[in-house]
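Inside the fold
So the chains spell out like this:
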Amino acid sequence: MSSTDIRPFRIDIPQADLDDLRDRLLRTRWIDEAPGTGWERGVPTSYLRDLAAYWAEKFDWRAIEARLNAFPQFTTTVDGQNLHFVHVRSEREDATPLLLVHGWPGTPADFLDLIGPLTDPAAHGDPEAPAFHLVIPTLPGHGFSGPLTESGWHDGRVAAALAELMARLGYRRYGVHGGDHGAFIAPRLGREHAEHVLGVHANALVTFPTGDPADMAALTDAEKQRLGAMKKFQDNGSAYMSLAGSRPHTLAQLLADSPAGQLGWIVEKYKEWTDQAHELPEQAIDRDRILTTVSIYWLTDTARSVANYYYERFTDPSMFAPKPKGTVPTGVAVFTTADFAIRRFAEKAHNIVHWSEFYAGGHFPALEVPELLTGDIRAFFGGLTS
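Residues numbered from 1 in each chain as written. Predicted model: local features only at pLDDT ≥ 70, side-chain atom pairs only at ≥ 80, totals over all residues. Heavy atoms only, no water.

Per an unreviewed UniProt entry, the chain is named Epoxide hydrolase, and its organism is Nocardia huaxiensis.

Side note on the layout of surface pockets
To find the voids left in a structure, one rolls a probe of water-molecule size over its atoms. Using the following cut-off: With a 1 Å grid spanning the protein atoms alone, the term cavity applies to any set of points in which a 1.4 Å probe fits but cannot get out, the term pocket to an open set with protein on both sides within 12 Å along at least five of seven lines, and the term lining residue to any residue with an atom within 4 Å of a point. Grid points are joined across faces, edges and corners, and a volume is the space filled by probe spheres set on the points. To qualify as a helix, a DSSP run of H or I must reach at least 4 residues; to qualify as a strand, a run of E must reach at least 2; elements of each kind are numbered from the N terminus. Side-chain classes are defined by residue name, with Ala, Val, Leu, Ile, Met, Phe, Trp, Tyr, Cys and Pro counting as nonpolar, Asp, Glu, Lys and Arg as charged, and the others, Gly among them, as polar.
Size it by volume and the largest pocket reaches roughly 1,400 Å³. Looking at which element gives the most residues to the lining of the largest pocket, the answer is helix α11 (residues 259-273), with 9 residues. In terms of residue class, the lining of the largest pocket is made up of 22 nonpolar, 14 polar and 13 charged. Roughly 620 Å³ of internal volume is contained in the second largest pocket. For the lining of the second largest pocket, the elements supplying multiple residues, two or more each, are α6 (181-192) and α15 (343-349).

Re the UniProt feature "active site" (unreviewed entry) in the chain
Formally: UniProt positions are given in the numbering used here, feature names are shortened, and annotations may be inferred rather than shown by experiment. When checking whether two residues touch, look at their non-hydrogen atoms; a contact exists if any pair is within 4.5 Å. We define a polar contact as two N or O atoms separated by no more than 3.5 Å, with the added condition that, inside protein, one atom must be a possible hydrogen donor and the other a possible acceptor, whereas residues neighbouring each other in sequence contribute only through side-chain atom pairs.
Per the UniProt record, "active site" (unreviewed entry) is annotated on Asp180, Tyr310 and His363. None of the other annotated residues line the largest cavity; only Asp180 and His363 do. In this fold, Tyr310 is placed in helix α14 (residues 303-314). Dropping the residues within four chain positions of it, Tyr310 is found in contact with Trp104, His181, Tyr240, Met241, Ala244 and Gly245. Residue placement: His363 occurs in the loop between β9 (351-357) and α16 (365-368). Polar contacts involving the side chain of His363 include one to the side chain of Asp180, which spans 2.8 Å.

Thoughts on the packing of aromatic side chains
Filter applied, for reference: Each Phe, Tyr or Trp ring, with Trp reduced to its six-membered ring, pairs with another whose centre is within 6.5 Å; inter-plane angles below 30 degrees give stacked pairs, above 60 give edge-to-face pairs, and intermediate values give tilted ones.
Across all of its chains, the model carries 18 aromatic pairs by this definition. Summarising the aromatic geometry, the rings of Phe9 and Phe144 are spaced 5.7 Å apart at their centres and angled 55 degrees between planes, so their arrangement reads as tilted. Taken together, the residues span a long stretch of sequence, with Phe9 in strand β1 (residues 7-9) and Phe144 in the loop between β5 (132-137) and α5 (155-168) at a distance of 135 residues. With 6.4 Å between their ring centres and 80 degrees between their planes, Trp104 and Trp273 make a pair best called edge-to-face.

Some thoughts on empty space enclosed by the protein
Using the criterion set out here, one finds 4 cavities of 30 Å³ or more in the structure. What lines the largest cavity is a set of 17 residues, and nearest its centre among them are Gly103, Asp110, Gly179, His363 and Phe364. Counting only elements with at least two residues in the lining of the largest cavity, the list comes to β6 (174-179) and α16. The leading source of residues in the lining of the largest cavity is α16, at 3 residues. Of the residues in the lining of the largest cavity, the class split is 9 nonpolar, 6 polar and 2 charged.

Section: the side chain of Thr45
Heads up, the condition is: The classification of residues rests on relative accessible area computed with a 1.4 Å probe and restricted to protein chains. Under 20% of the type maximum is buried, over 50% is exposed, and intermediate values are partly exposed.
On the secondary structure map, Thr45 appears in helix α2 (residues 45-57). We classify Thr45 as buried; its relative accessible area is 9%. Beyond its immediate sequence surroundings of up to four residues, Thr45 is in contact with Trp30, Ile31, Asp32 and Glu33.

Concerning the sheet that holds strand β3 (residues 81-88)
To keep things clear, this is the line we draw: At least two bridges found by DSSP between two strands is the condition for calling them paired. To get an axis, a line is fitted to the C-alpha atoms, and for a helix only the part in contact is used. The angle between two axes follows their N-to-C directions and goes from 0 to 180 degrees.
If you walk across this open sheet you meet the 9 strands as β1-β2-β3-β5-β4-β6-β7-β8-β9, and the pairing is mixed. A single partner strand is all that each edge strand has here, and the edge strands are β1 and β9. Across the sheet, the mean angle from the axis of one strand to that of its neighbour is 25 degrees, orientation sign disregarded. When strand β4 (residues 96-101) meets β6, the two strands line up parallel, connected through 4 bridges. Looking across to β6, one finds that Leu100 is bridged to His177. Sheet strands in contact with helix α4 (residues 112-119) are β3, β4 and β5, and its direction is about 160 degrees off that of β5.

Next comes the structure, spelled out in structure tokens:
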């Protein structure tokens, strides 16, 4: 078998690994809880302890595994790296190929609620909606794509690998959607592989002030508030990124040896980045869906390469170098929390033809408000292909 072959894949975690996870969780040495404190100092011990107990005693990985295995999954080797992906084709002849790119913390499981409506809209109540052939990769070094085998996997290299994957699957023209990491990778695919990319759709797009005094003077009150929220995040919410981007191996060792640590590291982001109308993470995202993400990262032992992803981005000299404005049609969906995109800044870098703002959902719309994200993807790509 050639390394470029597409190989069927099925998730089958050894029972010994699940037993080891449960044992580690039950033997966690918990920190004491500082009196009079809450989430402002990180995840409260009482909350994390309760969630870890649920993970150890009630979370049914085998049920999750069966649900994931209900969709066609494959692996292939691209640029020397194993690449896992879900591939679900629509029965509609007019379906558009669409690449869905997750972020951190995230996996292809984030998109489970989008698969049916996007591939078979008629069966989900909207026969007139556009249909899509979906390719949902696990980012190199994450989850079932396995640990990275070498350094240098920055956004440009990942984008090139995903372009090669789509070509290998026979898709010459396709759309791309991404959030978080995907919101960096999707526009890069559009810029560097424009001949193949029909359009780019993103949520959690990062936009930066242009430096033009006229742009700053023209900001609306809502845009000023969004810019202020971005400054607050940089000052008080980005330590995780600085640590991963500067000392990834130190961080990874902590996460690779403690499932409770891995759980706290991830669930903090589900608390801070989901719609703040909810008091607790599981009020925004089902508890089992949160634990699906954490379990995949733990069971695949990918803490090192996941942390290194930030290091590669921050040490990539091309990352923030000046670039020509993208020409591929681009659509942006802005949700309520941890989403700081400002259109006038985005238009300096991208060919913005579609812009939606929603007042529910947060950084994880595929998990929080899948119906809103599905609708916006349909509206954007339907407008391009109609």
